[in-house]
Amino acid sequence: MEKLKQAIVEQGVVVSDQVLKLDALLNHQVDPALTMEMGKQFAERFRDDGVTRVVTVESSGIAVAFATAYELGVPLVFARRKKTLLAEPDMLCERVPSFTKGIVTDILISREFISPDDRILFIDDIIANGDAARGLVKIIERSGATLVGAGIVVEKCFQLGANALREQGVRLESLAKIASLEGGDIIFAD
Ligand code: G4P
Ligand code: NA
Ligand code: NA
């Protein structure tokens, strides 16, 4: 997606060889028009897959997941992140480590909003190691719903998350693939 790549080049800040700060377009501020365009792209790619719900994890995935759900005309469900003290029987829960934040969180979705006859499209902003995505895929599996695929705005190809999911059989589509951030340069894979 050319407009997205342009926004990444103009507004992204390379923090290290591993991390690209995208606060200006994904993680702190959002461009509504660009975000709706991303939603259209994902909706187009998964239009014929009978998606019944779009699912993301709070918080940065919500805007693009909303745009996608709007285009597909289906509800958006966002998994909550919280510390769970008690196991709640009506909640599906997975514990997820976050390397960048150095913490462990629980992601939860109520069984009220995910059912065995659902066909789920998972949407997220960035995939790095893919821990959050893997946790969400486990929740979807345990719900009995079908995962039709994953749409990710920015795929960091030099980390393992995206390809690990593909190897697991998940159809993963990304809008911008970043091959390298070495030396402060943003190099796209396509
Ligand atoms: P993972 O989600 O792919 O497993 O990666 P990891 O655990 O390393 O990342 C934890 C959080 O950091 C995720 O946000 C992920 O999107 C974000 N992240 C990872 N690499 C980058 C990067 O290069 N740039 C930016 N801007 N973010 C990165 P999150 O925990 O889902 O938080 P939120 O943004 O949804 O609140
Ligand atoms: Na994020
Ligand atoms: Na996210």
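These numbers come from a predicted model, not from an experiment.

Undergrad: Where do I start with the sheet that holds strand β7 (residues 119–127) in this structure?
TA: Strands in a sheet are paired, the pairing made by backbone hydrogen bonds, and the direction either parallel or antiparallel. The sheet built from eight strands is open, its strands ordered β5-β6-β4-β3-β7-β8-β9-β10 with mixed pairing. Two strands bound the open sheet, and with one partner strand each, they are β5 (91–98) and β10 (187–188). Strands β3 (53–57), β4 (76–82), β5, β6 (103–110), β7 and β8 (146–156) of the sheet are contacted by helix α5 (residues 131–143), whose axis makes an angle of about 160° with β5.

Undergrad: Could you clarify how one ought to interpret α5 in this entry?
TA: Because an α-helix packs 3.6 residues into every turn, residues spaced three or four apart end up facing the same way. Its 13 residues give α5 an end-to-end C-alpha distance of 19 Å, which sits within 8% of 18 Å, the value for a rise of 1.5 Å per residue. Where α5 is concerned, the buried positions are Asp 131, Ala 132, Ala 133, Gly 135, Leu 136, Ile 139 and Ile 140.

Undergrad: Just to check I follow, could you spell out the site of ligand 1 for this structure?
TA: By nearness alone, 23 residues border ligand 1, and Ser 60, Ile 126, Ala 128, Asp 131 and Ala 132 come closest of all. Elements with a contribution of two residues or more to the shell around ligand 1: β2 (20–21), β7 and α5. In terms of residues, the shell around ligand 1 owes the most to one element, β7, which gives three residues. Split into classes, the residues belonging to the shell around ligand 1 amount to nine nonpolar, nine polar and five charged.

Undergrad: What should I look at first to understand the UniProt feature "binding site: xanthine" (unreviewed entry) in the chain in this one?
TA: Annotation from UniProt places "binding site: xanthine" (unreviewed entry) at Leu 20, Asn 27 and Lys 156. Its location among the elements puts Leu 20 in strand β2. With residues up to four places along the chain from it excluded, the contact list for Leu 20 reads Gly 12, Val 14, Val 15, Ile 178, Leu 181 and Ile 186. Its 13 C-beta neighbours within 10 Å are what place Asn 27 among the partly exposed residues. If we skip the residues at most four places from it in the chain, Asn 27 touches Leu 22, Ser 60 and Asp 125.

Undergrad: What am I meant to see in the nonpolar core here?
TA: For soluble globular proteins, the rule of thumb is that nonpolar side chains tend to be buried together. Core analysis: the biggest nonpolar cluster contains 51 residues, and Met 38, Val 54, Phe 122, Leu 136 and Val 153 have the highest contact counts within it. Non-local contacts of Met 38, meaning those with residues more than four positions away in its chain, are made with Leu 4, Val 64, Ala 67, Val 153 and Leu 175.

Procedures and definitions
Position numbers for residues count from 1 along each chain, tracking the sequence in the order it is written. Ligands are numbered from 1 and chains lettered from A, in the order in which they are written. Predicted model: local features are reported for residues with pLDDT of at least 70 only, side-chain atom pairs are reported and counted for 80 or more only, and whole-chain, interface and lining totals are derived from all residues. Pairing between strands requires that DSSP locate at least two bridges from one strand to the other. Secondary structure counts use DSSP, requiring at least four H or I residues in a row for a helix and at least two E residues in a row for a strand, with both numbered from the N terminus. With C-beta atoms placed from the backbone, a contact is any residue pair whose C-beta atoms sit within 7 Å. Working convention: axes come from line fits to C-alpha atoms, limited for helices to the stretch in contact. Angles between N-to-C directions cover 0 to 180 degrees. For a helix, the expected span equals 1.5 Å multiplied by the number of residues minus one. Every C-beta atom is placed from the backbone, and the number of other C-beta atoms within 10 Å of a residue's own sets its class: buried at 20 or more, exposed at 12 or fewer, partly exposed in between. Any residue qualifies as near a molecule or strand once its backbone-derived C-beta atom lies within 6 Å of it. Three classes are used, and their members are as follows: Ala, Val, Leu, Ile, Met, Phe, Trp, Tyr, Cys and Pro are nonpolar, Asp, Glu, Lys and Arg are charged, and the others, Gly among them, are polar. UniProt positions are given in the numbering used here, feature names are shortened, and annotations may be inferred rather than shown by experiment. In this description, a nonpolar core means buried residues of the types Ala, Val, Leu, Ile, Met, Phe, Trp, Tyr and Cys, linked to one another by C-beta atoms lying within 7 Å.

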